Amino acid sequence: MCGIVGYIGNKEKKEVMLSGLRELEYRGYDSAGISVLSSDVLSTFKTTGKLINLENKCKDFKSSGFGVAIGHTRWATHGKATEINAHPHFGETSSVVHNGIIENFLEIKTKLESEGKIFLSQTDTEVIIHLFEENLNICSNYLEAFKNTINSLIGSYAILLITKSAPDKIFYAKNGSPLLVGASKDEIYFASSSTPLIGLIDRVCYLEDGDIGVMDIDSFNDLTNIQPMSGEKMSSQKDGYRYFMEKEIYEQHKILQDTIRGRILDNNVNLELPDDFVNGVNRILICACGTSYNAGLSAKYLFEREAKIKTDVVIASEFRYAEPIMEKDSLFIVISQSGETADTLEALKLANKNNLKTLAICNVDNSSIVREAKYSLLTRAGIEKGVASTKAFSSQVMLLWILGIYISQRKNLISKTQIKAQIASIKSSLEAVKVNSYIHDKLKKLSKRYLHGHGFFFIGRDIFYPLALEGALKLKEISYLHAEGYPGGEMKHGPIALADSELFCVSLMPKHLLYDKIKNNTQELSARDATICIVAQEYNDVADDIVLIDKFDSYMEEFFAMMIVLQLLALEIAIRLGNDVDMPRNLAKSVTVE
Ligand code: F6R
């Protein structure tokens, strides 16, 4: 989703902006722009499409010496993805970038237009710049003008503004959308996530909601909550893989070793939680979006069957406004790869307001969700660049599985033998996520037969139902083909009406969980001529096509092995269709608006 960068210093500001925006590219965007203010000249460049278009547009532009700059990648909310609607938005002397949504923009726009102000774009953001310039005329100083502007806005925002009235400064405001400011010797950087800042700064401040201020080269130390920041720039190489998504699928074996490190012992599990963490917890409520929701739904089956803890799972956007009843003995778990998803964050705030014990399962340390939750556990999956989530999902399921065992161990809900058996299963699940080249080759071949039907059903039962949902989500995200995940037993209650030879059905048939039941459901589809691709340990006669996974002793290993098959199937179909796998159309990596 939208990304922001800002800079104060002596480097070539155009290059700093472009390289910062490149680090945010994986999050998804449809247009981009930069403004540079140096030697009293304010220059703005914007384009639609990829950053290469912006690079070409400003290739002859240079700005030497000290100056300030702001940059933005936009994911359209108000107004189409046009050049005019791209950020920065500028007035006569100032320029602004903004993430989030200004809910009362129409009201402000109408008032300003009635006073003769001309608006160029259809965005909510443009009101900020005109309001600021109007306030500059009436306020005694520029900071007061900025504060008055921000105080007129209702909604969520991370805002950076530069103006010729204060040419060595960047004005900033944060409410609901993430914004960081960092410093190194003689340089200040802003960004909407830490990715563009890694390797460039040695101190960072995660701004809080309600922060409004102005920054120049000397004022960083006036901030409170400054933390050290270290780290090398993460390798953003594809290491020989065709796409980041492919690399991330292959990485899962290594990632899961990191996820379990120090958490799995010989006879028990251990988590970075206080000893009294489970006190007063009798049930669990999980809240998340998209793939993270699918991980949460998988955890429900694990928590209830294996750990004996009652669990409910809700989609965060549905939870927020439903006036949910929150029982005090619930542990409220949010799951988020990015830690910035607006709906999940708001659901978490609601749970905190209701004094629930809250726990974030998250991939990004110091993200808004980690900072908001009372407790947090990191999935340790590393930066995920492919917009379609893969390693984040497997690490979430793995960590939730360990969490379930941890809670039931602490509450004596399951026996030592049961715990040992689950630990053994966790260890062999690490083997199950190793990509088998035979299976990958098979899926490459198979993919050419699955391009032109009228849709896909992914079916599974029990915990293989959320896996079916995830398989369908992966496919639709990157192939743009219509795919739905269903519980196998639900087919005959309506969806089976779609069955014919042009309907592709991917059936997840684990040997160790409800095999005969899912076989029956698959047979019913086969009898109505649907084209059936089964994923299983052994051959059976229902299949038109079969993807054989390795032999495993329990259903969770089968779960992870089948997950790899579904991720690779989506990848290979999308590649055959010629799609941009890592940056699929219309999608953003981090969804910071509701
Ligand atoms: C799917 C995908 C999305 C995210 C969802 C939640 O591949 O990536 O469905 O899972 O937007 O994002 P996080 O986990 O960052 O809260």
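Residues numbered from 1 in each chain as written. Predicted model: local features only at pLDDT ≥ 70, side-chain atom pairs only at ≥ 80, totals over all residues. Heavy atoms only, no water.

On to the domain arrangement of the protein chain. Domain boundaries in the protein chain define domain 1 (3-228), domain 2 (238-430) and domain 3 (435-594). For domain 1 versus domain 3, the distance between C-alpha centres works out to 43 Å. Of the residues lining the interface, 12 residues belong to domain 1; the matching set on domain 3 comes to 9 residues. Interface area for domain 1 against domain 3, summed over the two sides, is near 890 Å², with a carbon-plus-sulfur share of 61%. By the criterion of area lost to domain 3, the three top residues of domain 1 are Y26, R27 and W75, representing 50% of everything that side buries. Where domain 1 touches domain 3, the interface holds 0 salt bridges. (Domains from an automatic or database assignment. Contact = heavy atoms within 4.5 Å. Buried area = accessible area lost by both parts, 1.4 Å probe. Salt bridge = Lys/Arg side-chain N within 4 Å of Asp/Glu carboxyl O.)

As a further point, take the packing of helix α11 (residues 391-410) against helix α12 (residues 416-432). The contact between α11 and α12 brings their axes to 11 Å, and the two run at 170 degrees. When the axes of α11 and α12 are compared, the pair comes out roughly antiparallel. Where α11 abuts α12, its residues M398, W401, I402, I405 and Q409 lie against I419, Q422, S425, I426, S429 and L430. Here the residues of the contact of α11 with α12 are counted per class, giving 7 nonpolar, 4 polar and no charged. (Axes fitted to C-alpha atoms, helices over the stretch in contact; angles between N-to-C directions. Helix = DSSP H or I, 4+ residues; strand = E, 2+ residues; numbered from the N terminus. Parallel < 35°, antiparallel > 145°, perpendicular 65-115°, else oblique. Nonpolar A, V, L, I, M, F, W, Y, C, P; charged D, E, K, R; others polar.)

Take a nonpolar patch on the surface next. A cluster of nonpolar side chains, namely I84, F90, I118 and L120, defines an oily patch on the protein surface of about 410 Å² accessible area. When you line up the elements, I118 lands in the loop between α3 (105-114) and α4 (126-138). (Patch = residues over 30% accessible without salt bridge, like charges linked within 9 Å, V, L, I, M, F, W, Y side chains within 5 Å. Areas by Shrake-Rupley, 256 points an atom, 1.4 Å probe, with all protein chains shown as cover.)

On to the pairing of strand β11 (residues 203-206), then. Relative to β11, strand β9 (residues 180-184) runs antiparallel, the two being bridged by 4 bridges. Residue pairing in the sheet places V181 in a bridge with C205 of β11. Note: β11 against strand β13 (residues 227-228), 2 bridges, orientation antiparallel. By the bridge assignment for β13, R203 is matched with P228. (Pairing = 2+ DSSP bridges.)

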